[in-house]
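Here are the chains, one letter per residue:
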Amino acid sequence: MTSRFTLPAFTGLAVFLGILPFTADNEYSLRLFMLFTIYAIVALGLNILVGLAGLISLGQAGLFALGAYTGAILATRLGADFVLSVVAGMLIAGLFGALLAYPTVRVRGVYLAVITIAFGLIVENVIIEWHELTGGTTGVSSIPKPSLFSIPLDGFRYYAVLAVLLFIVVVVTHNIKRSRYGRAMLAVSQSETAARSVGLNATGVRTLAFVIAASTAGLAGVLYAFLNLYISPDSFTFNDSIRFLLMVVLGGAGTTVGALTGALILTYLPEYLQQLQYWQQFAYGLLLAVVMFVLPLGIFGTLADLAGRYLKRPSSAYPMDGYAIETVVKDAKGGRTSARFVADGLTIRFGGLTALNKASMQVDPGEIHALIGPNGAGKSTLVNIVTGFYKPQEGRVSLDDVNLAGSAPHLVARSGVARTFQNTELFGELTVIENVMIGYQKRLSYGVFEAALRIGRFGEEEVECRRAAAALLSFVGLTAFTNEKARFLPFGMQRRLEIARALAAAPKLLLLDEPAAGLTTQEIDELDRMIRHIASLGISVLLIEHHVELIMSVADRVTVLDYGVVIASDVPTIIQDDPRVIEAYFGTAPATHAAAGGPAS
Amino acid sequence: MQSIIQYVLSGFAIGGCYALVALGFHIMWSTARAVNFAHGDTLMLGAVLTIMAVDQGAPLPAAIAGAIAASCLFGVLLERFAVRPFAKTASSISWMLTTIAIGIMLEALVTMEFGGFSRALPSPGVERAISVLGAGVYPQELLIPVIAVVAMAGLGWMRRYTLIGRAMQAVSFDRNAAALMGINVHRMFAFSFGLAAALGGAAGILIAPITQASASMGLTLGLKGFAVAIIGGITSTPGVVIAGLGFGVMEKFVEGYISTAAREIVGFSLTIVVLLVFPQGLFGKREVSKV
């Protein structure tokens, strides 16, 4: 996803940071530049959390404070040098970031906002209370001047260090954004259900976002302590947390240039507003309100939105060659693609309702197996058990004799089960090809550091991923829409995109949950061909469907569910004439109804 | 023993104030699934306007009524201009920031008009302390929790027996279905923000004689009121009141036995722990959150 603007933009930033100090006519303006670099580092990290993972932190000042105090105390008490202080500050803040991420397992939205607010206030008050360590309200003074390899860092030298660090943070956060980690964060924030169904560990992804936001805030905190040589609790209040969040939102959450611009504006704005004297605070509030009204997506978010609306993007930026669908759906590491799927004695109750009662079924390797039944028969419940979203009270689900029942959805997905959703669950704000690339996610193996620096396996695997995605798009006939946002696709195409995303994971078993619902006759014919083709590639297909013609046409075998019980399982022609199946669908006299309640043949 | 009673009674006083603030958050959230992050500033507005009106020679009851009416109007306007335009967006960051922005502006205006210092609001409730089981309290302090409980009961009554209350309930269950039944959803949003702001203004007027009134008094009270609402379960009316009173008492004990800074540490740590154990708050119901 290397945009053609990336390299010039990086160069431009380096030139900007290089020229900036020469415009400084006094100590004070140089100090403002340095404050800008520090705030920008906080904003870039927070941008990952807010813009990509979609989480809110109103406690960023607390993490900033943790870094500042860790660095200051190490340097004053233990005589630690600059580098050690920086590393320690990042580690401590990062650790607390990981702790803050833990509540996101259960709490979101305003609840999470409260937790982060509380965290910030706790840090502030612990600093005030713990006099012996932090100096209480008077703070830590006489922090030694920083030096690097025994070169004292004062004035322009310290600025140079800050500028280099800022540049590194820009590159690293930008690279992470444009890697599988950034995509995973966007995916989790847009549809957690879908993200887990393609094998993403949502908690892990959010924790990574929190750790990045926290350790950058910690880094900035240490740099701030060494800039001021004095810190007190006054610099780390709730209002500072708001300002950090504002930097990200003002510039445009999710954009690197936006975070930089937001930090720049909010560093200099108070300086200009000082001329207004009494009206300073009022003007600050007014400006904030006006920005939210005029540019609700932030400066660069709004610009990007306008550009996207008026500039037509090329439908396919990369010429794709060479990848055949057969190779794409075969996982090189996984070996054989098809597998035997067995559900054995599944029972699940919701309150007093037994949704599934000792339901058993089997899908042979490469088979197209249809699961049918009247509304409320338990079909979707079965799909949700197989994919790990529900835990059955009894029974086993296994793929090639590996038990899956009770595993988390992302682990089930990683062992080779892919699915589509009855009411499509796409990542609406991402492009069509990005949706498919997220499906490919678990086949990528490069790590965070490789992504951050674009080294090692990163380049090669990203190209493979993009090519595979393009091949899958051409398989489902969506090549012309490669760079459209998924939510703009009509319903039928969204269904096909879901199939492409599911196939990108190279599944052994593909579950299609009512793929024909809402499709036109012509689209159903295409779906028919597509399902046959998928099975011919050796992937077992479990098709949950109402559309009788489609089932009779493609299915090798059919299993019928009624009131949570499997009442028949056989080839389509026999199922068609099975009296119990006819009864389940059309009903019969009450006298014979009781007899049909027994277990399956 | 005497100090324990003292802590409990003064705890109920400040706790009653938290409960009133939290009730406001509860009302706004139930109806609009959004809150006013400047809600603390409505407390400040109520208290400061009352003092300014009394300065101008207005009788206290008239000053109070006027201040509550002004707070209510503030709430309605804020909903219309800072919350409603962003209610449709998927993320809650927008209305969080716009309401915070309005709060910053209000605080700046009040600082200019009222001055940056703190003043006490004269009230007949704090002229003489009375002795309850050996603990000295002002009648005002006893009044606050009573008013909080009355407000809670009144809200319950309104929801059950009045047309507008039932309409609010309908909107909180399903705003689209409510709109299809002919309920003006936007008017319900405005009403609930106005009602919440009126309760907030009243809470400010009640607490100002005991603590002090200043332009910056709203921040902490607002944050704690919000924390209390979340602890109690923002969807539960009795929940937020119980949590408010409990939180106030807990604060007084920590303050009495340890220190003021420890009060904040313990209070906010408790908030986090409660949310970890009960993600919907102590008395809240499960709901799908939209962020």
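Residues numbered from 1 in each chain as written. Chains lettered and ligands numbered in written order. Predicted model: local features only at pLDDT ≥ 70, side-chain atom pairs only at ≥ 80, totals over all residues.

A. Here's a closer look at the overall build of chain A. When helices and strands are counted, chain A shows 26 helices and 12 strands. Along the three orthogonal principal directions, the C-alpha set of chain A runs to about 90 × 50 × 45 Å. A burial count over chain A gives 52% of its 601 residues as buried. For chain A, the share of sequence-separated contacts (at least 6 apart) that also reach a separation of at least 24 residues comes to 75%. (Helix = DSSP H or I, 4+ residues; strand = E, 2+ residues; numbered from the N terminus. Buried ≥ 20, exposed ≤ 12 C-beta atoms within 10 Å, placed from the backbone. Contact = placed C-beta atoms within 7 Å.)

B. Focus on the sheet that holds strand E10 (residues 540–544) of chain A. Residues and elements named next belong to chain A. With respect to topology, 6 strands assemble into an open sheet ordered E8-E9-E10-E5-E11-E12, the strand pairing being mixed. The strands lining the two open edges of the sheet, one partner per strand, are strand E8 (417–419) and strand E12 (565–570). With direction set aside, neighbouring strand axes in the sheet form an average angle of 20 degrees. Note: strand E9 (residues 509–513) against E10, 5 bridges, orientation parallel. Directly across from Asp-513, in E10, lies its bridge partner Ile-544. (Pairing = 2+ DSSP bridges. Axes fitted to C-alpha atoms, helices over the stretch in contact; angles between N-to-C directions.)

C. Representation of the nonpolar core in the model. Judged by nonpolar contacts, the single largest core of 309 residues is most densely connected at A:Ala43, A:Ala209, A:Ala469, A:Leu472, A:Ala500 and B:Leu23. Per element, the largest residue contribution to this core is 18 residues, and it comes from helix H10 (residues 202–228) of chain A. Taken together, domain 1 (6–237) and domain 2 (341–597) of chain A each give at least three residues to this core, which thus spans both. In this structure A:Ala500 touches A:Val436, A:Leu472, A:Leu473, A:Phe475, A:Val476 and A:Leu478, once residues within four positions along its chain are discounted. (Core = buried A, V, L, I, M, F, W, Y, C linked by C-beta atoms within 7 Å. Domains from an automatic or database assignment.)

D. Layout of the packing of helix H5 (residues 109–129) of chain A against helix H9 (residues 218–232) of chain B. Two elements in contact, H5(A) and H9(B), have axes separated by 10 Å at closest approach and are oriented at 130 degrees. In terms of their interaxial angle, H5(A) and H9(B) are classed as oblique. The handedness of the crossing between H5(A) and H9(B) is left-handed. Together, A:Tyr111, A:Val114, A:Ile117 and A:Ala118 of H5(A) and B:Leu223, B:Phe226, B:Ala227 and B:Ile230 of H9(B) make up the contact between the two elements. Grouping the amino acids of the contact of H5(A) with H9(B) by side-chain chemistry returns 8 nonpolar, no polar and no charged. (Parallel < 35°, antiparallel > 145°, perpendicular 65-115°, else oblique. Left-handed = near helix turned anticlockwise from the far one by under 90°. Nonpolar A, V, L, I, M, F, W, Y, C, P; charged D, E, K, R; others polar.)

E. Broad picture of helix H4 (residues 93–114) of chain B. All names here are of chain B. The end-to-end C-alpha distance of H4 is 31 Å, a good match for the 32 Å that 22 residues give at a rise of 1.5 Å each. Among the 22 residues of H4, 18 are classified as buried, and the element is accordingly described as predominantly covered. At the C-terminal side of H4, Gly-115 shows a positive phi close to 90 degrees. (Expected span 1.5 Å × (residues − 1).)

F. Quick look at the environment of B:Thr237. Residue and element names in this part refer to chain B. Mapped onto the secondary structure, Thr-237 falls in helix H10 (residues 237–257). The sequence separation of Thr-237 and Ala-153 amounts to 84 residues, and the corresponding C-alpha distance is 9.0 Å. Ignoring any residue separated from it by four or fewer positions in sequence, one finds Thr-237 in contact with His-26, Met-152, Leu-155 and Gly-156.

G. Structural context of the environment of A:Leu219. Residue and element names in this part refer to chain A. Tracing the chain through its elements places Leu-219 in helix H10. Between the C-alpha atom of Leu-219 and that of Ile-41, which follows or precedes it by 178 residues, the distance is 7.9 Å. Excluding anything up to four places from it in sequence, Leu-219 contacts Ile-41, Gly-67, Val-86, Gly-89 and Met-90.

H. Layout of the interface of chain A and chain B. Listed as interface residues are 32 residues of chain A and, on the opposing side, 36 residues of chain B. For the side of chain A that touches chain B, the secondary structure elements donating two or more residues are H5, helix H11 (238–251) and helix H13 (280–294) of chain A. The element contributing the most residues to the side of chain A that touches chain B is H5(A), with 13 residues. Residue composition of the side of chain A that touches chain B, by class: 25 nonpolar, 4 polar and 3 charged.

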